[in-house]
Amino acid sequence: GAVVSQHPSWVICKSGTSVKIECRSLDFQATTMFWYRQFPKQSLMLMATSNEGSKATYEQGVEKDKFLINHASLTLSTLTVTSAHPEDSSFYICSAGGDGFNNSPLHFGNGTRLTVT
Amino acid sequence: DAKTTQPTSMDCAEGRAANLPCNHSTISGNEYVYWYRQIHSQGPQYIIHGLKNNETNEMASLIITEDRKSSTLILPHATLRDTAVYYCIVRVGSSNTGKLIFGQGTTLQVKP
């Protein structure tokens, strides 16, 4: 089945620094990838839709200058949390789809746990 | 906002069928119903999806009512490893770019 890989699986950074998270589709080409954030005991919240070769579309309330998304190829999207603060500590998850068929399911990475100290 | 409502939690005995209900009364004609589950600290795992016909795969069965306003996910023989949060999602849009908006899901506890 389709595999989506995220790296790193966990990261600890100091307040004020930036962190980059990678999301790769390993065995298919993903024209669209999605980024989510999940706080403890809460559901996944969609942050943005990442389209290959174009600017990402952000959900309402998500700061595009803080969460930089790049989707430079059909197999890689990156999320950079800039000037991270403790309140950015969360579980970040990406998903990707696109085996060419309408309504093919989206597949999720295993998430990246970010802790900002 | 999520277009589905699910019970907050359910229990199921190991080896028995787990039937997880979902209401999606505002679903549009071309919107699919998707089911995912999330085991603690992992990414969501795809289970099954459907439009209007019942669907079955190696993991589960999906029963969609004729008016499409509700559906039921059936795990035929639940095991302890099926303990997870189950999300019923109406996918926005009908193409590969359609996004998934997660609600609160149902926490299924499978008990020995």
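Preceding block: the structure.
Predicted model only: the values in this text are computed from it and were never measured.

What the rule picks out here adds up to 10 aromatic pairs over all chains. When the ring of Y34 of chain B is compared with that of Y36 of chain B, the centres are 6.3 Å apart and the planes differ by 15°; the resulting orientation is stacked. Taken individually, Y34 of chain B and Y36 of chain B each receive the classification buried, so the pair is uniform in this respect. Residues Y36 of chain B and Y46 of chain B carry aromatic rings whose centres are separated by 5.7 Å and whose planes lie at 70° to one another, so their mutual orientation is edge-to-face. In this pair, Y36 of chain B sits in strand β3 (residues 33-38) while Y46 of chain B sits in strand β4 (residues 45-50), placing the two residues 10 residues apart along the sequence. Members of the aromatic cluster, each reached through a chain of ring pairs, are Y36 and F108 of chain A together with Y34, Y36, Y46, Y87 and F102 of chain B.

Here the focus is the state of the cysteines. Taken as a whole and judged by the stated rule, the model has 2 disulfides over all chains. Note on cysteine connectivity: C23 of chain A is disulfide-linked to C94 of chain A, with sulfurs 2.0 Å apart. With the S-S bond torsion at 80°, the cross-link from C23 of chain A to C94 of chain A turns out right-handed. In this pair, C23 of chain A sits in strand β3 (residues 19-25) while C94 of chain A sits in strand β9 (residues 90-97), placing the two residues 71 residues apart along the sequence. In this structure C94 of chain A comes out as buried when scored by relative accessible area, which is 0%. Residue pairing for C22 of chain B: its cysteine sulfur links by disulfide to C88 of chain B, the two sulfurs lying 2.1 Å apart. When the S-S torsion is -80°, as for the bridge of C22 of chain B with C88 of chain B, the disulfide is left-handed.

Looking now at the sheet that holds strand β1 (residues 9-13) of chain B. Residues and elements named next belong to chain B. An order of β1-β9-β8-β3-β4 is seen for the 5 strands of this open sheet, with the pairing classed as mixed. Two strands bound the open sheet, and with one partner strand each, they are β1 and β4. Within this sheet the neighbouring strands show an average axis-to-axis angle of 25°, counted without direction. Alignment of strand β8 (residues 84-90) against strand β9 (residues 106-111), held across 3 bridges, turns out to be antiparallel. What sits directly across from A84, in β9, is L108.

It is worth spelling out the interface of chain A and chain B at this point. Contacts between the two partners involve 25 residues from chain A, matched on the other side by 23 residues from chain B. Where chain A packs against chain B, one counts 1 salt bridge. Where chain A touches chain B, the interface holds 6 residue pairs in polar contact (both at pLDDT 80 or more). Mapped onto the side of chain A that touches chain B, the elements with two or more residues apiece are β4 (32-38), β5 (45-51), β9 and β10 (107-108) of chain A.

To summarise the sheet geometry, strands pair through backbone hydrogen bonds and adopt either a parallel or an antiparallel arrangement. Residues and elements named next belong to chain A. If you trace the 4 strands from one edge of the open sheet to the other, you get β1-β3-β8-β7, paired in antiparallel fashion. The sheet is open, and its two edges are formed by β1 (4-7) and β7 (67-73), each paired on a single side. In this sheet, adjacent strand axes meet at a mean angle of 15° when their direction is disregarded.

Thresholds applied
- Numbering of residues begins from 1 in every chain and follows the order in which that chain's sequence is written.
- Working convention: letters from A go to chains and numbers from 1 go to ligands, in the order in which they are written.
- A pLDDT threshold of at least 70 governs which residues receive local features in this predicted model, and a stricter bar of 80 or more applies before side-chain atom pairs are shown or counted, although totals over entire chains, interfaces and linings include all residues.
- To get the side-chain values, take all heavy atoms of the structure and skip hydrogens and water.
- When the centres of two rings from Phe, Tyr and Trp lie within 6.5 Å, Trp using its six-membered ring, the rings pair. Their planes under 30 degrees apart give stacked, over 60 give edge-to-face, and anything left gives tilted.
- Each residue gets one of three labels from its accessible area relative to the maximum for its type: buried under 20%, exposed over 50%, partly exposed in between, using a 1.4 Å probe on protein chains only.
- Secondary structure counts use DSSP, requiring at least four H or I residues in a row for a helix and at least two E residues in a row for a strand, with both numbered from the N terminus.
- Here, a disulfide means two cysteine sulfur atoms that sit within 2.5 Å of each other.
- The criterion for strand pairing is that DSSP finds at least two bridges linking the strands in question.
- Only C-alpha atoms enter the line fits that serve as axes; for helices the fit covers just the stretch in contact. Angles between N-to-C directions range over 0 to 180 degrees.
- Here, residues are in contact when the closest pair of their heavy atoms is within 4.5 Å.
- Salt bridges, as used here, are contacts in which a Lys or Arg side-chain nitrogen is within 4 Å of a carboxyl oxygen on Asp or Glu.
- In protein, a polar contact requires one atom able to donate a hydrogen and another able to accept it; more generally it is a pair of N or O atoms within 3.5 Å, and residues adjacent in sequence count only if both atoms are side-chain atoms.

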